[in-house]
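Notes for the structure review
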Amino acid sequence: MSGRRGLAPVLKAAAIQEVGTVATPGASTRPELPKNFELGSEERLYKWWEAQGYFKPDPAATGEPFTIPMPPPNVTGKLHMGHAMFATLQDIMTRYARMNGRPALWLPGTDHAGIATQSVVEKMLHREGASRLGLGREAFTERVWQWKEEYGGFITNQLRRLGASCDWSRERFTLDEGLSAAVAEAFVRLHEKGLIYRGQYMVNWSPGLRTAVSDLEVEYTEEQGTLYFFRYPVAGTDGAEFLPVATTRPETILGDTAVAVHPEDERYKHLIGRECEVPMSGGRRIPIIGDEYVDREFGTGALKITPGHDINDYEIGKRRGLPIINILNKDATLNAAAGRYAGQERFAARKALWADMEAAGLVIKKEAHTSRIPRCQRSGGIVEPLVSEQWFVRMQPLAEPALAAVANGDITIMPERFAKTYNNWLENIKDWCISRQLWWGHRIPVWYVFPSAEAAAAAPEGRSEHYVVARSAEEAQHLAEAQHGAGVALKQEEDVLDTWFSSGLWPFSTLGWPNTQAPDFQKFYPTQMMETGHDILFFWVARMIMMGLEFTGKAPFHTVYLHGLVRDEKGRKMSKSLGNVIDPLDTIGQYGTDALRFTLATGTAVGQDLNLSSDRVTASRNFTNKLWNAGKFVLFNLAQVSEAEWESLRGVSLSSAADLQRLPLTERWIISLLHKTVDEVSERYDKYDYNTAGIAAYNFLWDEFADWAIEASKTRTYGGDAAAQAASRATLVYVFESVLRLLHPFMPFVTEELWQAIPHKGDALIVAPWPARSCPVDESALAHFEVLKGCVRSLRNARAEYNVEPGRKIGATLVVEDEATRKSIETELPVVCLLAKLDPAAVRLVASAAEAGGDAAAAGSTVSLVVKDGVQVLLPLLGLFDVAKELARLGKQKAKLDKELGGISGKLNNPAFMSRASPEYVDEARAQEREVREKLALVEQKIAQVSALQAAGSQ
C-alpha cells in the first residue's frame, strides 16, 4: 500500500490530543452512519460513480489492459437471475482489475434480438388493428426503431441496479452503424473465401413466426400425445402383405420416400428391394430399404422415412439418395404435394388423413405416448423440421483453428470439463444456417441481378440465379455492372442474418473492427475474458472464437469462464409455469443489491448450478449488517479523536515488520491474519475462484475481526493508556479499511458507503488500490493468540455446561507450559478476562499444574479443561454456581431421562410389541435406548461431581 502512513504519526497525533484536545472542532461534521445501511443509498452511489467517470478505463493506469465484453442481453429483455449472475461475476472481475491498476474496460451493449423484437412489435400492431404486412418493410422497420428508442433501455437500467460498473459511454447495439458495417464486412469476406453459400438444408421452421430459428431458440417439452400404428401395404399384394409402422405425425406419411428395416431382421428382410404404396397418395410407390440405423427392438421394427420433415430421416435420405418431398407451406398448411389434403392446416390434416386410413382398413391401433415436442422459444408454437433454401456458412474450415486454439492453450475454458464438450461439438460441426425470414435485423448483403426493373419485379421471391455480394448498395451496383453490363437492376435479399452472426463478431466489432487501427481495437483487443452461461457455449462462445480467429488472426479472449444456471431452492429450473421465478429486482428491494450479489458469487463454484433460496440471501444480508455494525464500532471509537489523529489515520499502514513488532499480541495477531487473508483472497481472485475468495473474506470479517479483534480491542479503547488506545484505533482502521477493499468487488455499495465514512486516502473506494500482498506475518503471534482463543472457548463452554450465571465473573488458572506463549498470554490477560468473564483478581497464569497446586483438584473441586498439549485451564467449581439449584436442575433432568428410558425399555421388553414391530422399528428403538442411556450416564456423573463438591464445601 504505497503512500500509506505507519504507526508513528498516529501515536504522535494521539499524544497531541492527550495533551490539549478533548472535543475537537469539526468532529460533529464527520460522517455519522444510520442504524442500518439504507438501500436508497445504492442509486446515489451509482450515479456518483458514473458521473465521476470511474467506470471508464483509467488512462493513467500502467497495468495490462483488462477487457471483458458484456454478453449483450436482448433489447426486449427484462432482468432475470441469469442476468444478475453474469452482471455480478463480470463486475467482480472488472472492479478487481481496476483496483489492481489495470485499465479496465467492461464494454456493455444490447442485442437487437431479431425474432423477439419483431414479435413484440407485431403484437403491438395487432392491438392497434394494424399488421406488419400492411405497413410494409420500411414503415415496419421504422416502428421497431421507435419501439427500441422508447423501451430498449429498460434492461440496461436494470443492470445499473445491480451495480454494473461498465463503461456506458461505449455502449453498443448490434444494429448500430459501426456494428452493421462490421457484419457486412464479415459476410463479404466469408463469401469471397467460399465459406458462405445458398443451398437446401433442413432447418427448424417456426410457422407462427414464418422463419427459420436456431437450435437455441427451440425448446423441447415432454408432452402427452398419440402414437399411431398403421399398415404400410406392400405393392402388388392387394394389401395381403404389409409392414406395420408407427408414427406420431400421420400427416407426414404423405412425404414418405422409403420404408426402412434392419437388413438382418428375420421378419422383414425378405421384403428389402420391394416397394410399398404410400397410404392415401393415389398409389405412389416407395422402396423398402435395409438400413442398420433401424433399431429392430424399438416399435414395430419398420421405420417410415420422410427426408423432408425429420432430421434423422433427412440424413438417411442424403446417404441413400432418396428424393425429398416437402408437404408443408410456410404457414404449416399442406401444399400440393399432399394431394387431396392440400390447403388443410397440419393438425386438421392429421385427423382427416387418419380417418381416411381407418376407413380404408389401414389402421392397426392408437395409444397414448409421451414425446419430446419442439416448440419455438419465442412464439410457443410447434416447430417443424423443414427442408428449405437458406444461406449457410461452411463451418469445418472455421472450426479447425478454433479447436487448435483451445488445444494449444491460447484459450482456457473454465471449468475444464467443458473443453471436452466444446471439442466434441466442433469436431462434429454442421454448416450453420444464417438466414432468417424476418424484417428486423441485418439484411443479408446480397443483391440479385436482373436485366431490367420489370424483370426484378416479376421474379418469384425476388431472386435470380445471378447475384453479387457487397458492403453497400453502391458497391453492389458497381460490381453488378462490371459483371453483367450497364442498365442492370438490383434487388436486395429479403432475409436477414441470424442474430448470432452479429453476436459472433461482438468482441472485436465493438472495439472498432474492421478498422484495425481504431484506438480501442489497438489497446483492448484481444480481450482477456469471456464470462457467460455454459448453456450458450456452442451457440455463441464457439462462434466468437471462430470469427475472431478468422477475421483478426487472434483468439478474441484468453479465458472463457462459464457460470452455471440459477435454479430454485429445490434445484428446479425457474419457469413461469412452475411459479418459481425469483425476480432479482424484488430480491434487491427486500435484501439489497450487495446481499444478492454476494449470494450469487459465493453460492457455487465455477460452472456449477446454484440453488437459490431466501435463506441464502438472508444470510448474505446478515453479513452486510455485520459489516455495517463493525464499521459503526470503528467510527464510534474515532468519535472523539483529534483532527490531527483523524488525518493521520487516512491511509494508515501497519504493513511493515517494524510496525508489527511495536504492537501488542492482539493487534499483531489480527494484522498478521489480515495479511494472510489478503494473500489468500487475492490468489483466489486471480484464479477466478470467487466462491472461495468471498468465503475467506467473510470468515475473516465475521469470525476473526468482529468476533475476536473488535471484542478484544475493548480492553484498550475502554481503558488503558493513550498509546495503547491509539495503536488499537490505528489497527481497527487499517484492518477494517483493508477488508472493505477485499469485499468491494462483491459488495460495492455498502463497502463504498463505509469507506467514505472512515478515515481514508483517495476519492473513492472503487478506484482505490488493492491491498498490498506478501506483507509480513508474525507466525508466533498467530500461534499464541490461537492458544488465547482456545482458553476462552474452553471457559465459555464450561460456563455453559455448569450453567454459570451470565453476569457472574469467575476465577481460573491458566496452565501454559511454553514460556514464549505464556509471556504473550500474560500481556493479554485483560482480554482473556473480558472475553471469558473472569475475575482478574482470581486469575493466575502458571507454567505447570503442579505450580497451581493439586489439593483442590484431588478433592474434586476443580476441573481441568484441556486446550491442547501443554495448555489447560483449571477451573475451581467451588462458588462457580449455586450447588443446590444445580442439583435440583440435574435431578429434574435425570427424572425426565429415567421416564423416557422406561418407556423405550418397556416396549423392547414387551413380547407382544416385539412380535408386531418391524425390524427397522426395533433397530430404531434400540438406538434411542442407547442414546438415552448415554445421556443418563453423563447426568449421573455430573450429579456425583456436584454432590462431591457440596460435601467438600460443607466441611
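From a predicted model like this one, the values you see are computed outputs, not experimental measurements. (Residues numbered from 1 in each chain as written. Predicted model: local features only at pLDDT ≥ 70, side-chain atom pairs only at ≥ 80, totals over all residues. Heavy atoms only, no water.)

As for the domain arrangement of the protein
Looking at the protein, the domain boundaries give domain 1 (219-382), domain 2 (609-762), domain 3 (782-876) and domain 4 (883-953). Taking the mean C-alpha position of each, domain 1 and domain 4 sit 74 Å from one another. (Domains from an automatic or database assignment.)

Details of the pattern of salt bridges
On inspection of all chains with the given rule, the structure shows 63 salt bridges. For Lys-47, the salt bridge goes to Glu-43, with nearest N and O atoms at 3.0 Å. A residue pair is termed a helical-turn pair when its members lie 3 or 4 positions apart in one helix, as Lys-47 and Glu-43 do in helix H2 (residues 41-51) at four residues. Linking Glu-241 and Arg-274 is a salt bridge whose minimum nitrogen-to-oxygen distance equals 3.5 Å. Residue Glu-241 is located in the loop between strand S7 (218-233) and strand S8 (242-247), and its partner Arg-274 is located in the loop between strand S9 (258-261) and strand S10 (275-277); the two are separated by 33 residues in the primary sequence. Residue classification places Glu-241 among the partly exposed residues on the basis of a relative accessible area of 28%. Classification of Arg-274 by relative accessible area gives partly exposed; the value is 31%. Among the ionic contacts, a cluster of salt bridges with common partners joins Arg-198, Glu-389, Arg-463, Glu-493 and Asp-495. (Salt bridge = Lys/Arg side-chain N within 4 Å of Asp/Glu carboxyl O. Helix = DSSP H or I, 4+ residues; strand = E, 2+ residues; numbered from the N terminus. Buried < 20%, exposed > 50% of the residue type's maximum accessible area, 1.4 Å probe, protein only.)

Let's talk about the side chain of Asp-291
Along the polypeptide, Asp-291 turns up in the loop between strand S11 (285-290) and strand S12 (302-305). With near-sequence residues (within four places) excluded, Asp-291 lies in contact with Val-261, His-262, Pro-263, Ile-316, Arg-319 and Arg-320. (Contact = heavy atoms within 4.5 Å.)

Some words on the nonpolar core
In terms of nonpolar packing, the biggest core is built from 136 residues, with Phe-705, Phe-736 and Leu-814 touching the most fellow members. When residues of this core are assigned to domains, at least three map to each of domain 2 (609-762) and domain 3 (782-876). Ignoring any residue separated from it by four or fewer positions in sequence, one finds Phe-736 in contact with Leu-627, Ala-630, Gly-631, Val-634, Leu-701, Phe-705, Leu-754 and Ile-758. By size, the runner-up hydrophobic cluster in this structure holds 65 residues, among which are Val-188, Ile-413, Leu-505 and Ala-555. (Core = buried A, V, L, I, M, F, W, Y, C linked by side-chain atoms within 4.5 Å.)

Focus: the sheet that holds S8
Pairing is antiparallel across the open sheet formed by three strands, whose spatial order is S8-S7-S13. Strands with a single pairing partner mark the edges of an open sheet, and in this sheet they are S8 and strand S13 (363-376). Neighbouring strand axes in the sheet, compared pairwise and without regard to direction, differ in orientation by 20° on average. Where S7 and S13 come together, 13 bridges link them in antiparallel fashion. Residue pairing in the sheet places Glu-219 in a bridge with Arg-375 of S13. (Pairing = 2+ DSSP bridges. Axes fitted to C-alpha atoms, helices over the stretch in contact; angles between N-to-C directions.)

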